[in-house]
Amino acid sequence: MDADDRRARGAGVKGASTGVAGLPAEAIAWLVGSGPTRMLELGAGAGGLTGLLCGLGHDVIAAEPTPAGLTGLRRAAPQAHLVLARAEDLPVSASSVDIVVAGPAYEGLDLERSLPEIARVLRPGGVFAVVRRAGDDKVPWVRKVAALVGEVPPDSDDPFEFSDIVTLAERRSFRQWQRFFRPTLVEFVAAGARAASLAPEAREDLLSEAGALYDSYGRGPDGLLMPWIVECLRARVKGSTAVVTADATDDGLLIDFS
């Protein structure tokens, strides 16, 4: 499977779209550990994750590929060091950060081109930390939303199995709930891959289907609860050794980046 194919495959209903609640603080704390740590965030966007990372006491370099994005990011996370950069070409010194973090931007990364850069900037024992969110497709209405959004399950639970650069080291999932109302669901579908590929008339038909799906459950103003699964992944450069310590709140191991 090539890079374009990997980017085209989702994990059910993904949570990077419009109208999605913020990531759970406990998930981010598990993913990156306690500060202070020097880290690089890829595709920082509106700065929601950046603010959480700074709030945990980390020294954050926030990379954003567009000048307009940097303007908003500067307002949202004034503590971060901002750089105009894509993941494939990072203006960061070799072996200079302990963690590289990717949140919603992960889904759009060209891993074959960006992983060599990520490995270059990581210090020995450093971690590539990924957080991604998907609707729980065990729930029938979530599967129906996935069909409207145009997303399909991934081929593998390990997004790095193809790589000869990094290997998946640890993972942990967290659950999160968000109340979806009729406009929320319609907006969510409108931001999906399928809607973006349609002509205007077909797109309107799709959004009407989304509204009809909501109506079919008869929830009215009470809304439907979207069950999100927030998955946190820690990957290491192959051949690199991390120091690990037991942590009573972690149910396992916590990477010690000192």
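About the criteria used
Residues numbered from 1 in each chain as written. Predicted model: local features only at pLDDT ≥ 70, side-chain atom pairs only at ≥ 80, totals over all residues. Heavy atoms only, no water. Salt bridge = Lys/Arg side-chain N within 4 Å of Asp/Glu carboxyl O. Helix = DSSP H or I, 4+ residues; strand = E, 2+ residues; numbered from the N terminus. Buried < 20%, exposed > 50% of the residue type's maximum accessible area, 1.4 Å probe, protein only. Pairing = 2+ DSSP bridges. Right-handed = clockwise from strand over helix to strand, strands pointing away.

Looking at this structure, I do not really get the pattern of salt bridges. What am I missing?
Where charged atoms from two side chains of opposite charge approach closely, those side chains can pair. Tallying each qualifying case throughout the model produces nine salt bridges. Here D59 ties to R38 by a salt bridge, and the two come within 2.6 Å at their closest N and O atoms. Of this pair, D59 sits in strand β2 (residues 59-64) while R38 sits in strand β1 (residues 38-42); the two residues are 21 residues apart in sequence, bridging distant segments of the chain. In this structure D59 comes out as partly exposed when scored by relative accessible area, which is 30%. Residues D98 and R123 are paired through a salt bridge, measuring 3.1 Å at the closest nitrogen-oxygen approach. Residue D98 is located in strand β4 (residues 97-102), and its partner R123 is located in strand β5 (residues 122-135); the two are separated by 25 residues in the primary sequence. Residue D98 is classed as buried on the basis of its relative accessible area, which comes to 11%. Looking at R123, the relative accessible area reads 31%, which means it is partly exposed.

Mind showing me how you'd approach the environment of I165 here?
Its place among the elements puts I165 in the loop between α6 (140-149) and β6 (166-180). Along the sequence, I165 and E112 sit 53 residues apart, while their C-alpha atoms lie 9.4 Å from each other.

Before we go on, may I ask you to explain the pairing of strand β3 (residues 81-84) in this structure?
Within a regular strand, the side chains alternate between the two sheet faces. Pairing geometry for β2 and β3, over four bridges, is parallel. Note that in β3 the partner of I61 across the bridge is H81. Handedness of the crossover joining β2 and β3 through helix α4 (residues 67-76) is recorded here as right-handed.

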